[in-house]
Amino acid sequence: MSIVCEKIQDKEVQEKANFGGCYEFILLKNIKWNKDRSCFHTHLFRDRIESYYNFEVRPDDVFLVSFPKSGTTFSQEMVWQISQGIDFETPKVQPQEIRFPHLEMNSMFAKEMLDFPDRYAILNERKTQRFIKSHLPAPFLPKQVWSVKPKIIYVARNAKDTAISYYHFYKHAGQNQASLREFLDFFMNDNVLYGPYHNHVIDFWQMRNEENIHFITFQDMKRDLPSVIEKTAKFLGKSLSKEQILTLADYLSFDTFSKNTSVNREDMFLQLCNTMNLDREKQDYNFIRKGKSGSFREEMPEDLIEKFNEWTLRETEKANVDPEIQSVFFGV
């Protein structure tokens, strides 16, 4: 198989980068990809990589791909609603993770921490059109994606907001004890799940003009959501009236969306709190946390902002990518 796994030997990484009850990590590499690419993940991925990579892709599948905490949940709901011609009733009885399953979700958390239905199996058994979420970088997606060419929406978010949001997810969902500074150091050294961040975005940025790929950003959704809805609908071959577009934009507004039980993963956090013997009411965290662009300024110290900026410039120069991508990495 094209994918090889290398065990992370660094003991400090093993101890400090723990996530979701996992303390052993691997580095995935695709030896047949045309660029040197890797992906940091839990050891759980090793047992399922072959099934993910050989997942049978159908022409009518719709994939939503992103680096974690890039506005994925928000985008999933937008895409699903557009595809259904606006349906606010089904989400009341069917959560998003069933309507739009995360392909490799069961390889993120140890079963002792979180145990839930196998998302891969749900997708494999589904007879109707499938909506598939994945955080996998391009080289590690199901290989048939590149021959079958289903529609793929890629969502990107600026580096600093992504990192801050991921820190809170690691701390609360992953029960990681790292400080903000420690976590941001992990992030810049590619020692977080699905890292490295820049290559994840760059690969899809360079494919953004492919007929079956639609590249959107969290910043644009926050700036002009109706326009993003309209363009995404066109990409999906759907036609929405102006009234439907505005109704969907209101449905996706932060005040409404954060209270939506179909998307806010409250069941996951309740299970996590029960496992960890924590009082959910005392946990100051919601999966739909802030929904703002540029909120990194509220938490990230100036010296780390400067460090992040320098890091991003180095990575983009190293990748020899067109300067326009800076609007993705730095834009708010």
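Everything numeric in this text was worked out from a predicted model, so none of it was measured.

**A few points about empty space enclosed by the protein**
Then comes step 1: Tallied over the full model, the rule gives two cavities of 30 Å³ or more.
Then comes step 2: By volume, the second largest cavity amounts to about 40 Å³.
Then comes step 3: Arg37, Ser38, Pro137, Pro139, Phe140, Tyr194, Pro196, Asn199, His200 and Asp203 together form the lining of the second largest cavity.
Then comes step 4: The dominant element in the lining of the second largest cavity, judged by the number of residues it contributes, is helix H10 (residues 197-205), at three residues.

**Topic: the pairing of strand S4 (residues 62-66)**
Each regular strand displays side chains that alternate between the two surfaces of the sheet.
Then comes step 1: Within S4, five of the five residues are buried, which leaves it mostly tucked inside the rest of the structure.
Then comes step 2: Of the two faces of S4, the one holding Val62, Leu64 and Ser66 and the one holding Phe63 and Val65 are both buried throughout.
Then comes step 3: Two elements, S4 and strand S5 (residues 131-134), share four bridges in a ladder whose sense is parallel. When the bridges of S5 are listed, Val65 appears paired with Ser134.
Then comes step 4: Two elements, S4 and strand S6 (residues 151-156), share five bridges in a ladder whose sense is parallel. When the sheet's bridge partners are listed, Val65 is paired in S6 with Tyr154.

**Comments concerning the sheet that holds S5**
Then comes step 1: With parallel pairing, the four strands of this open sheet are ordered in space as S5-S4-S6-S7. Either end of the sheet is taken by a strand with one partner, and the two such strands are S5 and strand S7 (213-217). Here the strands of the sheet are splayed against their neighbours by 20 degrees on average, with no regard to which way each runs.
Then comes step 2: Together, S4, S5, S6 and S7 form the strand contacts of helix H3 (residues 72-83), whose direction differs from that of S4 by roughly 165 degrees.

**Regarding the sheet that holds strand S3 (residues 38-42)**
Then comes step 1: In space, the three strands of this open sheet follow the order S1-S2-S3, with antiparallel pairing throughout. Across the chains shown, the open sheet's two edge strands, defined by having one partner strand only, are strand S1 (3-7) and S3. Recorded for the sheet is a direction-independent mean angle of 30 degrees between the axes of neighbouring strands.
Then comes step 2: In terms of strand pairing, S1 meets strand S2 (residues 25-30) through five bridges, oriented antiparallel. For Val4, the partnering residue across the bridge sits in S2 and is Lys29.

Rules of the game
- Residues numbered from 1 in each chain as written.
- Predicted model: local features only at pLDDT ≥ 70, side-chain atom pairs only at ≥ 80, totals over all residues.
- Heavy atoms only, no water.
- 1 Å grid on protein atoms, 1.4 Å probe; cavity = no way out; pocket = protein on both sides within 12 Å on 5 of 7 lines; lining within 4 Å.
- Points joined across faces, edges and corners; volume = space filled by probe spheres on them.
- Helix = DSSP H or I, 4+ residues; strand = E, 2+ residues; numbered from the N terminus.
- Buried < 20%, exposed > 50% of the residue type's maximum accessible area, 1.4 Å probe, protein only.
- Pairing = 2+ DSSP bridges.
- Axes fitted to C-alpha atoms, helices over the stretch in contact; angles between N-to-C directions.
- Contact = heavy atoms within 4.5 Å.

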